Amino acid sequence: AKEQGRNQVQIFDAGMNLQTQIQIKKTTELRIALEQGQMELHYQPQFCLRDGSLVGVEALVRWNKPGIGLVYPGDFIPLAETTGIIVPMGKWVLKEACHQLSAWRQAGFNNIRMAVNLSARQLRQPSLASDIAGILQQQEMNADMLELEITESMLMEDMNTAITTMSELNQLGIHLAIDDFGTGYSSLAYLKNFPVRRLKIDKSFVQDLTADTEDTAIISAIINLAHNMGIAVIAEGIENEAQLEYLRQLNCDEGQGYFLARPMPAADMDKLLQESCPL
Ligand code: C2E
Ligand code: CA
Ligand code: CA
Ligand code: CA
């Protein structure tokens, strides 16, 4: 029994080492990926639900891993977040997204905005606002063309830091949107503490909108209260026409989802822009 116990300890240790080794290998891989330019952005269009016009795009990061293909953020953002790689990665995302928007604006598509996701770690960087101000200047881009998506849970985690940083960003003229709205524990009353331009209703509410009268009531309440506070509403995860119709009836301002358009590389977005806004 004693020997067995010893073996178990050895196996456990070996397992820990292996886990650690894998973690270190993945971290190194990710760092190199960023340095070697293996990250790319895809863009998912956002539409006005009243007139169907394309009003913006959300930048979504992908890792184009040699010999593997596209790796989605769910498979590397958590590691990037715990290791801190998200900070330089987030900076790259912001630069690339702003650079792309400038290119589209120069091509004549000057009414679309760029939405970029922020991570909790980025929001805690004291230099975030000045870093972004630098990027905007470099890209000769107006601050109000940039929208930063911050999840509801990030706000709740560290409210004081969030309020400070968000106020700085707001002073620059950048728009702020609350992502995944409805999944956290915040109430709409909290929102008066934050300089928020837009709420993004989480896709879990949109998904069973037609079947679930409770979700319909929740979304309806969110939209009405937001509008009363001067906050616009976008719904994500629209996958079928019925959901789109419901959201229209509920007076939702904007929508995003596979039914309308999937995230796509910049080159495909070029084509879509040319089709949807003939010059
Ligand atoms: P998110 O910000 O909630 O982004 C929306 C996700 O839903 C995207 O997944 C998008 O491809 C997907 N989606 C779009 N339309 C539909 C739909 O109709 N149905 C369904 N089921 N899904 C839809 P993706 O690209 O895999 O990104 C996952 C998450 O990774 C994002 O969730 C965001 O939290 C994070 N993320 C992506 N890019 C970045 C980034 O540059 N920085 C940071 N910090 N996080 C990022
Ligand atoms: Ca988002
Ligand atoms: Ca979301
Ligand atoms: Ca439900």
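Residues numbered from 1 in each chain as written. Chains lettered and ligands numbered in written order. Predicted model: local features only at pLDDT ≥ 70, side-chain atom pairs only at ≥ 80, totals over all residues. Heavy atoms only, no water.

- In the annotation of an unreviewed UniProt entry, the entry for the protein reads cyclic-guanylate-specific phosphodiesterase, and the organism field reads Oceanisphaera arctica.

### Quick notes on the nonpolar core
No. 1: Counting residues in each nonpolar core, the largest one holds 80 residues, and the members touching the most others are Trp104, Leu146, Leu148 and Leu199.
No. 2: The element contributing the most residues to this core is helix H3 (residues 86–106), with 9 residues.
No. 3: In this structure, Leu148 is in contact with Leu94, Val116, Leu118, Ile132, Leu169, Ile174, His175, Leu176 and Ala177, ignoring residues within four places of it in sequence. (Core = buried A, V, L, I, M, F, W, Y, C linked by side-chain atoms within 4.5 Å. Buried < 20%, exposed > 50% of the residue type's maximum accessible area, 1.4 Å probe, protein only. Helix = DSSP H or I, 4+ residues; strand = E, 2+ residues; numbered from the N terminus. Contact = heavy atoms within 4.5 Å.)

### Some remarks on the packing of aromatic side chains
No. 1: A complete count under the given rule lists 2 aromatic pairs for this structure.
No. 2: With a centroid separation of 5.1 Å and 75° between ring planes, the pair formed by Tyr43 and Trp104 is classed as edge-to-face. Taken together, the residues Tyr43 in strand E1 (residues 39–48) and Trp104 in helix H3 connect sequence positions 61 residues apart. The pair Tyr43 / Trp104 is uniform in exposure class, with both members buried.
No. 3: When the ring centre of Trp63 is taken as origin, the NZ or CZ atom of Lys65, which lies over that ring, is 4.8 Å away. (Phe/Tyr/Trp six-rings, centres within 6.5 Å; stacked < 30°, edge-to-face > 60°. Lys NZ or Arg CZ within 6 Å of the ring centre and 35° of its normal.)

### Side note on the site of ligand 1
No. 1: Looking at ligand 1, there are 22 residues lining it, with Gln44, Arg62, Lys203, Glu239 and Tyr258 nearest.
No. 2: Val61 has a polar backbone atom sitting 3.2 Å from a nitrogen atom of ligand 1.
No. 3: Between an oxygen atom of ligand 1 and a side-chain N or O atom of Glu236, the distance comes to 3.5 Å.
No. 4: In isolation ligand 1 exposes 800 Å². Once the protein is present, 82% of that is buried.
No. 5: Elements that contribute at least two residues to the shell around ligand 1 include exactly strand E2 (54–65), H3 and strand E6 (175–181).
No. 6: Broken down by element, the residue count for the shell around ligand 1 peaks at 4 residues, all from E2.
No. 7: Tallied by class, the residues present in the shell around ligand 1 amount to 10 nonpolar, 5 polar and 7 charged. (Near = heavy atom within 4 Å. Polar contact = N/O pair within 3.5 Å; in protein donor to acceptor, adjacent residues only side chain to side chain. Areas by Shrake-Rupley, 256 points an atom, 1.4 Å probe, with all protein chains shown as cover. Nonpolar A, V, L, I, M, F, W, Y, C, P; charged D, E, K, R; others polar.)

### With respect to helix H7 (residues 159–172)
No. 1: If you check H7, its first and last C-alpha atoms are 20 Å apart, about what 14 residues at 1.5 Å a residue would give, namely 20 Å.
No. 2: Inspection of H7 places Ala162, Thr165, Met166 and Leu169 among the buried residues, and these make up the whole buried set. One face of H7 carries all of its buried residues, which in axial projection span an arc of 100°. Seen from the open side of H7, the exposed residues pointing more than 90 degrees away from its buried face are Asn160 and Gln171.
No. 3: In this structure, the buried residues of H7 make contact with helix H4 (120–123), helix H5 (128–138), strand E5 (146–151), helix H6 (152–157) and E6.
No. 4: Gly173 sits one or two positions beyond H7 and adopts a positive phi of about 100°. (Expected span 1.5 Å × (residues − 1). Arc of directions from axis to C-beta.)

### Comments concerning the pairing of E5
No. 1: Of all 6 residues that make up E5, 6 are buried, and the element is covered over most of its length.
No. 2: Burial of the side chains of E5 extends over both faces: Leu146, Leu148 and Ile150 are buried on one face and Glu147, Glu149 and Thr151 on the other.
No. 3: Relative to E5, strand E4 (residues 113–117) runs parallel, the two sharing 4 bridges. Counted as the bridge partner of Val116 is Leu148 from E5.
No. 4: Looking at chain direction, E5 and E6 are connected through 5 bridges and run parallel. Bridge pairing in E6 links Leu148 to Leu176. (Pairing = 2+ DSSP bridges.)

### Description of the coordination of the calcium ion (ligand 2)
No. 1: Protein coordination at the calcium ion (ligand 2) comes from Glu58 (OE), Asn117 (OD1), Glu149 (OE) and Asp179 (OD), with a distance range of 2.2 to 2.3 Å.
No. 2: Sequence positions of the donors to the calcium ion (ligand 2) reduce to the motif E-x58-N-x31-E-x29-D.
No. 3: The metal-metal distance between the calcium ion (ligand 2) and the calcium ion (ligand 3) is 4.1 Å, with Asp179 coordinating both. Of this pair, Asn117 sits in strand E4 while Glu149 sits in strand E5, and the two are 32 residues apart along the sequence. (Donors = N, O, S within 2.8 Å, 3.2 Å for Na, K, Ca; no water.)

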